[in-house]
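# Results of the structural survey
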Amino acid sequence: MSQAANTGIQERPVPTAPKRSTSLSTRALPRWAPFAFAAVAIALGVGTGMAAGWQSRTQWGLVSALLFVVISYITTSVVENRRQAKDRLATSIVWVCFLLAVVPLASLLWTTISRGAERLDGYFLTHSMAGVLGSEPTGGVYHALIGTLEQVGIATLIAAPIGMLTAVYLVEYGKGALAKAVTFFVDVMTGIPSIVAGLFILSIMLMTKTQPSGLMGALALTILMMPVVVRSTEEMLKLVPNELREASLALGVPKWRTILKVVLPTAIGGITTGVMLAIARIAGETAPIMLLVFGSQLINTNPFQGAQSSLPFYIWEQYKVGTDQSYDRAWAAALVLIAFVMILNLVARGIARWKAPKTGR
Amino acid sequence: MAKRIDVSGLSAYYGSHLAIEDISMTVEPRSVTAFIGPSGCGKSTFLRTLNRMHEVTPGGRVEGKVLLDDENLYGANVDPVTVRRTVGMVFQRPNPFPTMSIFDNVAAGLRLNGSYKKSELSDIVEKSLRGANLWNEVKDRLNKPGSGLSGGQQQRLCIARAIAVEPEVLLMDEPCSALDPISTLAIEDLIGELKERFTIVIVTHNMQQAARVSDRTAFFNLAAVGKPGKLIEIDETERIFSNPSVQATEDYISGRFG
Amino acid sequence: MASTTPIDKPPAPPVALKRAGTKSGRAGDKVFLGLSKGSGILLLVLMASIAVFLTYRASLAVSRNEGNFFTTFDWNPAGDPPVFGIAVLLFGTIVSSVIAMAIAVPVAVGIALFISHYAPRKLAAPLAYVVDLLAAVPSIVYGIWGALVLVPYLEGPNLWLDQFFGWTYLFEKTEVGVARSLFTVGILLAIMILPIVTSVSREVFLQVPRMNEEAALALGATRWEVIRLSVLPFGRSGVISASMLGLGRALGETMAVATVLSPSFIISGHLLNPGGGTFAQNIAAKFDEANEFGRDALIASGLVLFVLTLLVNGAARLIIARRKEYSGANA
């Protein structure tokens, strides 16, 4: 059809680009089609599952999901065209991905909450495991809570200032080889598995003949926390507009006071969020505690001497005991830990939203 | 090729906000129609309703009819994807696909719509690049990324990409606002050539440009900020710029507001 | 900056002010720069000492090892002669991580696309939030869920896999026993890294410039074609780095593996059979009974894990650096 409109541009016959119908209307499946496909697929999936006598609902679900993708692709390519069919294929795969992933993650949350709530009460939170046998339905998590709070607290006291200062160095002063090296190794540090951080402290303990204590665990957690704090602080400092710094410097305020009084206060909301998210991350670490703190059934409020427990380690211990009662305790402790981490996350994100710098995103 | 557009009673919304209200007009085939008006009067929104791009904005919704040679773009069985194939669009800022070469950028639309032999494809790419007055500048580097071109070249690359699929209509949303005067001139010349083959609608902030390139001009305005934009009048460009029938048009053109 | 112009305090004598400002300014700047630079240097020293200490302790153990450290299928540092090797651990770590990546990355990209481009808007924002929260769930919780819920649940599907795909050798189940296999570990690791990979990928997909997507739309692209033409090319390097982040976690994961796997020092291509081991799991399992020499042996295996994660990180960084020119992220 383009030949009609020959302009000087066209010197030789060129294939016409579109092979398309003149009409804009296309044969289209109705809007409810995906639901119909889903219903048919589920019916067929359940049918095959029952006919073949499969026990597991997972198989029924997988077969249904597969059938859904296949049915919608074939029907669409017959009724509409191949491009639409591909589009629908992508849509159904994306939906199936989402639904498949929801099942285990929802199950995880649901199991933890329902199983954990059975045992979680005031008694559980205020008693230790002193003298409790694995098969006894009593005992609690108090000693582990104290351990977690102290270890995480010490780690935060060390990691937060060092991490923030490093970020300040990178953003406000950093140039040259040193800054590049620090940036690179912060990245590397982010990838250190927690058990390796634990082994590092362990190797120092072996050489100095130090006994396990909460402090040792806290030091390993420090290593895990620092790079996270550096990264998030760095990002927040970079969001502070340069005009603010220049305005302050132009007034004759020394650089360090500019950083302390202008830059950091502007970014403080985001930095707090970053630190809290880092705390939430290390609070759930088990491996270093297992190597360095040793675990204890008793209340030990002194993090500098003697074995301690911690929430994640307590869950591991109770799981290993392997009785129904200890499983109950493990789930209850898991609920406490998840609640702790989630509350930290929610508060941190709340702060981020509330204190967001007006200039930022 | 080159169809007439008949718009009747068209309103467009962003969520519950009415952006343009009750617009009716006819766009003649093989001519250039320019939309002018103050910022925020909805001329770009209206342009985007002509190839159903408005509805991809979150909350975007359209009422009314747009007939493309008697076929309603908003009809029940019409696929927006087919509409956008038939009504091409060039944007304010040049937007070549950054990861693709110049050749692949022009061929992108064709590849979506079917399989071509390699020779066919390169013929169409060459024809389109020639059509966009870009061939001589890029013929030696067709495999280089499109993002390496200058702004004006990138915009002509986008025009080549749009005309490669042989649309009926070409919509241009302030195509020169991000370009320098020389590139602008090149695009304006190109528009003059393209109207031989396509129905062209161009939104512009630059009244001289409207006067230079268009055959007909539509003036849009809004009563106040927050009120919906409306079509004030549409007429031959010469008439609009010399003797418009509405006072507001004359005020705007002579620079008394806007 | 020594020339402090005292705009805000004009009446004060300029000379005195200048001197005061200079002094506290200089000293303060020095202290502050020293502190922040010192923190940076401390980080470097820390990284260096991690490498040095681990290597030193590892060398103590390896020098007394009577077996070959890389090829021995046994872990008995307390024996006479002491024999230990990482062959099984290396195999198990890589196999479980590969299974995890093969499942998690496509699904995570799917969910990320679902949240960024497919889900109804009212659903998308809360979903993104929930995914971010799930990324913070501690691994020990995944661990007990895996051991107490997932393992019994997977018995049916395992039989099924054996029945229909047993001919592939990989899915042939030759030993009876619960599903405490490397395959189950891979699935659990996949579920565990899913939120973090999804969360990072989603953020990248949302950063695709709107005009790139509109370019594809205006050519008459379907939603999938828009994603293929503009979203995926733009997001590719981001997805790679997200995957590497996930891989790093999977390689070094301790608790989720230690709870689920029933370890043994054999290498088997039958993924559904219980048995095998990973570096981190082995450290957790053998630590309690280990004497000082045994701990050094575990440190040696930890060093290999450390190097492995460094390699993965380095590879990710290389890929991202090379892709950057074409990513259009800076266009």
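The model shown is predicted, which means the values in this text are computed figures rather than measured ones.

## A word on the overall build of chain A
When helices and strands are counted, chain A shows 13 helices and 0 strands. Tracing chain A from N to C terminus, the helices and strands come up as α-α-α-α-α-α-α-α-α-α-α-α-α. Whereas a compact globule of 361 residues would reach a radius of gyration of roughly 21 Å, chain A reaches 30 Å, over 25% beyond that. Its C-alpha atoms put chain A at 90 × 75 × 40 Å along the principal axes. When the 361 residues of chain A are sorted by exposure, 45% land in the buried category.

## Looking at the overall build of chain B
The helix and strand inventory of chain B stands at 10 helices and 10 strands. Here the C-alpha atoms of chain B give a radius of gyration of 18 Å, agreeing with the 18 Å that 2.2 N^0.38 yields for 258 residues. With respect to the three principal axes, the spread of C-alpha positions in chain B is 55 × 45 × 30 Å.

## Some thoughts on the interface of chain A and chain C
Listed per partner, the contact involves 79 residues of chain A and 72 residues of chain C. No other element matches the 19 residues that helix α3 (residues 82–119) of chain A contributes to the side of chain A that touches chain C. A class-by-class count of the residues in the side of chain A that touches chain C yields 55 nonpolar, 17 polar and 7 charged.

## Thoughts on the nonpolar core
Counting 268 residues, the largest nonpolar core has A:Ile315 and A:Ala333 as the members making the most contacts within it. When we break this core down by domain, the ones giving at least three residues each are domain 1 (32–118) and domain 2 (141–355) of chain A. Leave out the neighbours within four places in its chain, and A:Ile315 touches A:Ala330, A:Ala333, A:Ala334, A:Leu337, C:Ile140 and C:Ile144.

## A word on the domain arrangement of chain A
Residues and elements named next belong to chain A. For chain A, the assigned domains read domain 1 (32–118) and domain 2 (141–355). A separation of 40 Å is found between the C-alpha centroids of domain 1 and domain 2. Listed as interface residues are 6 residues of domain 1 and, on the opposing side, 6 residues of domain 2.

## A word on the environment of C:Arg228
In this fold, C:Arg228 is placed in helix α8 (residues 223–252). Separated by 128 residues in sequence, C:Arg228 and C:Ala100 have C-alpha atoms that sit 25 Å apart.

## Things to note about the pairing of strand β2 (residues 17–27) of chain B
All names here are of chain B. As defined by bridge partners, strand β1 (residues 5–14) adjoins β2 across 7 bridges and the pair is classed as antiparallel. From the neighbouring strand, Ile5 faces β2, where its bridge partner is Val27. Connecting the antiparallel pair β1 and β2 is a turn made up of 2 residues, with Gly15 showing a positive phi of about 60°.

## So, the confidence of the model for chain B
Mean pLDDT over chain B: 89, with 99% of residues reaching 70 or higher. This complex was scored by the predictor with a pTM of 0.86 and an ipTM of 0.86.

## Considering helix α2 (residues 87–118) of chain C
For an α-helix the count is 3.6 residues per turn, leaving residues at separations of three or four pointing the same way. Between the first and last C-alpha of α2(C) there are 44 Å, a value that for 32 residues agrees with the 46 Å anticipated at 1.5 Å per step. With 23 of 32 residues buried, α2(C) is to be regarded as a mostly interior element.

## What to know about the UniProt feature "transmembrane region" (unreviewed entry) in chain A
Following the UniProt record, one finds the feature "transmembrane region" (unreviewed entry) at residues 32–54, 60–79, 91–113, 152–171, 183–207, 213–230, 262–283 and 330–352 of chain A. Helix makes up 88% of residues 183–207 of chain A and strand 0%. Its end C-alpha atoms lie 30 Å apart.

Criteria and thresholds
- Counting from 1, residues in each chain are numbered in the order their sequence is written.
- The lettering of chains begins at A and the numbering of ligands begins at 1, in the order of writing.
- Thresholds applied to this predicted model are a pLDDT of at least 70 for local features of residues and 80 or more for the giving and counting of side-chain atom pairs; totals over whole chains, interfaces and linings are not thresholded and use all residues.
- Going along the chain from the N terminus, every DSSP run of H or I of four or more residues is numbered as a helix, and every run of E of two or more is numbered as a strand.
- Each radius of gyration is computed over the set of C-alpha atoms, and the globule rule expresses the reference value as 2.2 Å times the number of residues to the power 0.38.
- Backbone-placed C-beta atoms define the burial measure: a residue is buried with 20 or more other C-beta atoms within 10 Å of its own, exposed with 12 or fewer, and partly exposed in between.
- Throughout, a pair of residues is in contact if the C-beta atoms placed from their backbones lie within 7 Å.
- Under the scheme applied here, ten amino acids are nonpolar (Ala, Val, Leu, Ile, Met, Phe, Trp, Tyr, Cys and Pro), four are charged (Asp, Glu, Lys and Arg), and all others, including Gly, are polar.
- To count as a nonpolar core, a set of buried Ala, Val, Leu, Ile, Met, Phe, Trp, Tyr and Cys residues must be joined through C-beta atoms within 7 Å.
- Residue ranges labeled as domains rest on an automatic or database domain assignment.
- Whether two strands pair comes down to DSSP finding at least two bridges between them.
- Per residue, pLDDT captures the predictor's confidence, and it can take any value from 0 to 100.
- Here the expected length of a helix is defined as 1.5 Å per residue gap, with one fewer gap than residues.
- UniProt positions are given in the numbering used here, feature names are shortened, and annotations may be inferred rather than shown by experiment.

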